[in-house]
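Spelled out, the chains give:
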Amino acid sequence: MVLILNLRVSRNINMLTHSNPPLSTNSSKRICDTSNSFRLLVRPSLVYLVSSLGRIPEKGQYINVAPYSLVMEASHKPPRMLIAVRENNDTYLNIRENKDFVLNLCSPDNLDTVISTSAKIPRGESEIDYVRVNANQKLTPFCVKSIKSEVPGILEAPINIWCRLSEGLELSYSELCYDIYLTRPIFIADVLGVVADSSYIKHHFDLEKLNPQKPLLLSYGAGKYGETRVCDSFSTDSDYQHILKIISQEQVSQIPKSETLHCSVGLPDKIKTQRF
């Protein structure tokens, strides 16, 4: 079952606060700039190459591969993953049509390939062919017999998670978002199986867990990638400073700095769902 969620939110922040009293003036809490700073508060996040199968009548079937970082675990019993994509791109259309896709978790060794697969190429052409011809890079598709899916994973990625669409939401932002035409589909998918490079796995009793000593590729926003690392202060990190500069130059709306902060558990008053 797939649902469309049409969410309209007023610019007036007090709509969400009802009659709740403001926080004490002694509180260290403050309203953050959600237009510019939000991605810096919730990132960095892991980078995945999402592989899916598409079909064009005049070209036949092809493998689409695209980088995403808006991915998270939605449930562990049953195992489910959640991914947010852009409407009407190849990944969106392929998942809607075929249901199956693979989340290929990336390492820093995949960085150049991740950047190459983000190039815009005509629908029906495979990024696997594109990166080989234009960037001299290799992406190897593979399948596992025990996982009942025709969609291939990417061999060069250390961890591959096969997924099948279970349900979805389509979020539309008409007022608060700086891009008023943006629609953000969210897919929730059942996990069909997981394959991992043995060096990325550590055994704890009878359980398998991710090896924390193996670096993974992270997205910091603004098209900037880096690897997992311990950093005492981002203020001295030149890469991170570059990201801040790019984001600060974007022309987006600001939240008034004088806005009073209220406690709230309220929800927007206009939420509509529609089946498709």
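It should be noted that the structure appears before, not after, this text.
Residues numbered from 1 in each chain as written. Predicted model: local features only at pLDDT ≥ 70, side-chain atom pairs only at ≥ 80, totals over all residues. Heavy atoms only, no water.

The next thing to look at is the overall build of the protein chain. Each helix and strand counted, the protein chain has five helices and 16 strands in total. Here the protein chain, with 276 residues, has 38% of them falling under the buried criterion. Looking at the protein chain alone, contacts between residues at least 24 apart form 66% of all its contacts between residues at least 6 apart. Entry remark: accessible area of the protein chain is about 16,700 Å², with carbon and sulfur atoms responsible for 53%. (Helix = DSSP H or I, 4+ residues; strand = E, 2+ residues; numbered from the N terminus. Buried < 20%, exposed > 50% of the residue type's maximum accessible area, 1.4 Å probe, protein only. Contact = heavy atoms within 4.5 Å. Areas by Shrake-Rupley, 256 points an atom, 1.4 Å probe, with all protein chains shown as cover.)

This next bit is on the packing of aromatic side chains. By the definition in use, this model includes two aromatic pairs. Here tyrosine 92 and phenylalanine 187 contribute two aromatic rings whose centre-to-centre distance is 5.9 Å and whose plane-to-plane angle is 15°, an arrangement assigned as stacked. Separated by 95 residues along the polypeptide, tyrosine 92 in helix H2 (residues 90-98) and phenylalanine 187 in strand S11 (residues 183-196) bring together distant segments of the chain. By relative accessible area, which is 5% here, tyrosine 92 ends up buried. By relative accessible area, which is 2% here, phenylalanine 187 ends up buried. Ring centres of phenylalanine 142 and tryptophan 162 lie 5.6 Å apart, and the angle between their planes is 90°; this geometry places the pair in the edge-to-face category. (Phe/Tyr/Trp six-rings, centres within 6.5 Å; stacked < 30°, edge-to-face > 60°.)

So, about the environment of cysteine 143. The residue cysteine 143 is located in the loop between strand S8 (141-142) and strand S9 (153-154) in this model. The sequence separation of cysteine 143 and isoleucine 154 amounts to 11 residues, and the corresponding C-alpha distance is 8.9 Å. Dropping the residues within four chain positions of it, cysteine 143 is found in contact with Ser149, Glu150, Val151, Pro152 and Trp162.

A few words on the side chain of serine 45. For serine 45, the location among the structural elements is in strand S2 (residues 45-46). Polar contacts involving the side chain of serine 45 include one to the main-chain carbonyl oxygen of serine 69, which spans 3.5 Å. Contacts of serine 45, omitting those with residues within four sequence positions, involve Ser69, Leu217, Leu218 and Ser219. (Polar contact = N/O pair within 3.5 Å; in protein donor to acceptor, adjacent residues only side chain to side chain.)

This part covers the pattern of salt bridges. With the rule as written, the count across this model stands at five salt bridges. Measuring nitrogen to oxygen at the nearest pair gives 3.4 Å for the salt bridge that ties arginine 80 to glutamate 167. Residue arginine 80 is found in strand S6 (residues 79-84), and its partner glutamate 167 is found in strand S10 (residues 159-173); the two are separated by 87 residues along the sequence. Take glutamate 167: its relative accessible area is 26%, and that puts it in the partly exposed class. When the shortest N-O distance is used, the salt bridge between aspartate 90 and arginine 123 registers 3.1 Å. (Salt bridge = Lys/Arg side-chain N within 4 Å of Asp/Glu carboxyl O.)

A word on the nonpolar core. Core analysis: the biggest nonpolar cluster contains 21 residues, and Ile83, Phe101 and Leu103 have the highest contact counts within it. Among the elements of the structure, strand S3 (48-56), strand S4 (60-68), S6, H2, strand S7 (100-105), S10 and S11 are those that each provide at least two residues to this core. Per-element accounting of this core gives the leading share, four residues, to S10. Excluding anything up to four places from it in sequence, leucine 103 contacts Tyr48, Leu49, Val50, Val71, Met81, Ile83, Ile159, Asn160, Ile161 and Cys163. Counting 18 residues, the second largest nonpolar core, distinct from the first, contains Val102, Leu139, Ile154 and Leu217. (Core = buried A, V, L, I, M, F, W, Y, C linked by side-chain atoms within 4.5 Å.)

Here strand S12 (residues 201-204) pairs with strand S13 (residues 207-210) via four bridges, running antiparallel. Along S13, the bridge assignment pairs lysine 202 with lysine 209. Where S12 folds back on S13, the antiparallel hairpin that results is connected by two residues, among which phenylalanine 205 adopts a positive phi of roughly 55°. (Pairing = 2+ DSSP bridges.)

These values are about where atoms sit, not about what they do.
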